[in-house]
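Observations on chain architecture
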Amino acid sequence: MLSHWIGEEDEENGIKLLLKTSELKKVKTSKFTAFIGNHKIFGRFLVFDEGKRKTIQICENFDFYSEMFHVPMCAHPNPQYVLIIGGGDGSTLREILKHNPQKVVLCEIDKDVVNVGLHYLQTYKNALQNERVQFVFLDGATYVKATNEKFDVIICDVTDIYPGEPAGSLGTSQFLENVKKILRNNGIFCIQSGSPIFHKDIVRNLYSLAKKTFKYSFVYASVVPFYPGGIWTFIICSDNLDPRIPRRTFIGKFYSPEIHKIVFVLPPFLKRLLENQ
């Protein structure tokens with residue numbers, strides 16, 4: 001049986017993180033070429049070919065990345081209305097639905113990514129078919145600027161926020177100001193901010209903008225075994241609630257109330273990165 005090696009490939013940063021699969025499906029979306037494979041430990045996984053780089057998006061097993069969005073959900077006392085920007089594969093959506101919100105709007109720039117989740121990522125299929133989910137196929141910055149809806153929690157599960165690329169419009173002060181306008185009382189905003197090793201400029205820029213926009217802004221970090229560097233950052237913000245405090249209890253494969261508190265304890269190298277702005 002023919003085996004394939006595919007995964008993270010970033011020539012600029014000199015990275016290759018490859019997974020071995022005996023099956024490989026190639027699907028063209030409007031923004032990317034998607035590859036779906038099946039690894040003996042990580043399970044089914046999704047890779048995007050973004051032209052300049054290939055990036056591992058998600059692996060169905062040991063999905064600690066998506067579980068880290070339990071942090072904003074549990075920091076809020078009653079998250080009933082949730083907006084997910086990106087996340088068309090359904091991985092983060094599956095985790096958010098475990099909190100039984102009344103409504104989730106999933107704003108995805110690439111409709112074909114949702115079709116990939118429906119057809120090839122079976123553990124996320126039920127989430128994508130849930131009747132509480134409303135799909136909006138727009139650029140996230142465009143939707144946030146135009147919508148009249150208000151949300152308890154807004155989550156950005158997007159590709160790397162490089163200027164000029166699909167998620168680039170989310171790395172601006174105007175986007176954060178528009179997010180702030182559509183948060184309800186006690187609203188919480190959370191955005192993935194990349195690797196503190198390979199995406200230093202993204203982490204610093206987003207954190208700097210967040211501090212200028214919200215009363216509470218914090219970086220938290222978690223182990224993600226299938227992402228380059230093995231550690232990933234998230235920025236969480238609110239004007240009314242300290243998001244470091246879990247107000248609801250949830251136990252996942254990785255997330256727990258204890259983990260919620262620990263992820264805000266940053267290693268010295270990451271503290272220095274955030275201080276040197």
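For the structure itself, look to the data block above.
Residues numbered from 1 in each chain as written. Predicted model: local features only at pLDDT ≥ 70, side-chain atom pairs only at ≥ 80, totals over all residues. Heavy atoms only, no water.

1. What to know about the overall build of the chain
A count of helices and strands for the chain gives 10 helices and 13 strands. On C-alpha atoms alone, the chain measures out to a radius of gyration of 17 Å, which is about the 19 Å that the 2.2 N^0.38 rule sets for 277 residues. Across its three principal directions, the C-alpha atoms of the chain cover 55 × 45 × 35 Å. Here the chain holds 277 residues, and the buried ones make up 58% of them. In the chain, once contacts between residues fewer than 6 apart in sequence are set aside, the share between residues at least 24 apart is 65%. On the chain, roughly 12,100 Å² of surface is accessible, and the fraction owed to carbon and sulfur atoms is 49%. A distance of 3 Å separates the average location of the 34 positive side-chain charges in the chain from that of its 29 negative side-chain charges. (Helix = DSSP H or I, 4+ residues; strand = E, 2+ residues; numbered from the N terminus. Rg over C-alpha atoms; globule rule 2.2 N^0.38 Å. Buried < 20%, exposed > 50% of the residue type's maximum accessible area, 1.4 Å probe, protein only. Contact = heavy atoms within 4.5 Å. Areas by Shrake-Rupley, 256 points an atom, 1.4 Å probe, with all protein chains shown as cover. Lys, Arg positive; Asp, Glu negative; His and termini not counted. Charge placed at Lys NZ, Arg CZ, Asp CG, Glu CD.)

2. Some thoughts on the pairing of strand β6 (residues 53-59)
Most of β6 sits inside the fold, with six of its seven residues counted as buried. As paired elements, strand β1 (residues 4-10) and β6 share two bridges and run antiparallel to each other. If you follow aspartate 10 over to β6, its bridge partner there is arginine 53. As defined by bridge partners, strand β5 (residues 43-49) adjoins β6 across five bridges and the pair is classed as antiparallel. Opposite phenylalanine 45, over in β6, you have cysteine 59 as the bridge partner. With antiparallel pairing between neighbouring strands as the criterion, β5 and β6 make up a hairpin whose turn holds three residues, including glycine 51 at a positive phi of roughly 90°. (Pairing = 2+ DSSP bridges.)

3. Examining the sheet that holds strand β9 (residues 133-136)
One open sheet holds the seven strands; their spatial order is β9-β8-β7-β10-β11-β13-β12, and the pairing between them is mixed. One side of each edge strand has no neighbouring strand; the edge strands of this open sheet are β9 and β12 (216-223). In this sheet, neighbouring strand axes are inclined to one another by 20° on average, regardless of whether the strands run parallel or antiparallel. (Axes fitted to C-alpha atoms, helices over the stretch in contact; angles between N-to-C directions.)

4. Section: empty space enclosed by the protein
Counted according to the given criterion, the structure contains two cavities of 30 Å³ or more. Put simply, the largest cavity is a space of about 400 Å³. Every residue lining the largest cavity is counted, 34 residues in all, and those nearest its centre are Phe48, Gln57, Asp157, Val158 and Thr159. Breaking the lining of the largest cavity down by element, the ones donating at least two residues are β6 and β7 (81-86). With four residues, the single largest contributor to the lining of the largest cavity is β6. Residues that form the lining of the largest cavity fall into these classes: 17 nonpolar, 10 polar and seven charged. (1 Å grid on protein atoms, 1.4 Å probe; cavity = no way out; pocket = protein on both sides within 12 Å on 5 of 7 lines; lining within 4 Å. Points joined across faces, edges and corners; volume = space filled by probe spheres on them. Nonpolar A, V, L, I, M, F, W, Y, C, P; charged D, E, K, R; others polar.)

5. Some points on the sheet that holds strand β4 (residues 33-39)
Ordered in space as β2-β1-β6-β5-β4-β3, the six strands form an open sheet in which the pairing is antiparallel. In this open sheet, the two edge strands, each paired with only one partner strand, are β2 (15-21) and β3 (24-28). Geometrically, the sheet is characterised by an average inter-axis angle of 30° between neighbouring strands, direction not taken into account. Where helix α4 (residues 111-120) meets the sheet, it contacts β3, β4 and β5, and its direction lies at approximately 150° from that of β3.

Function cannot be inferred from these measures alone, as they are strictly geometric.
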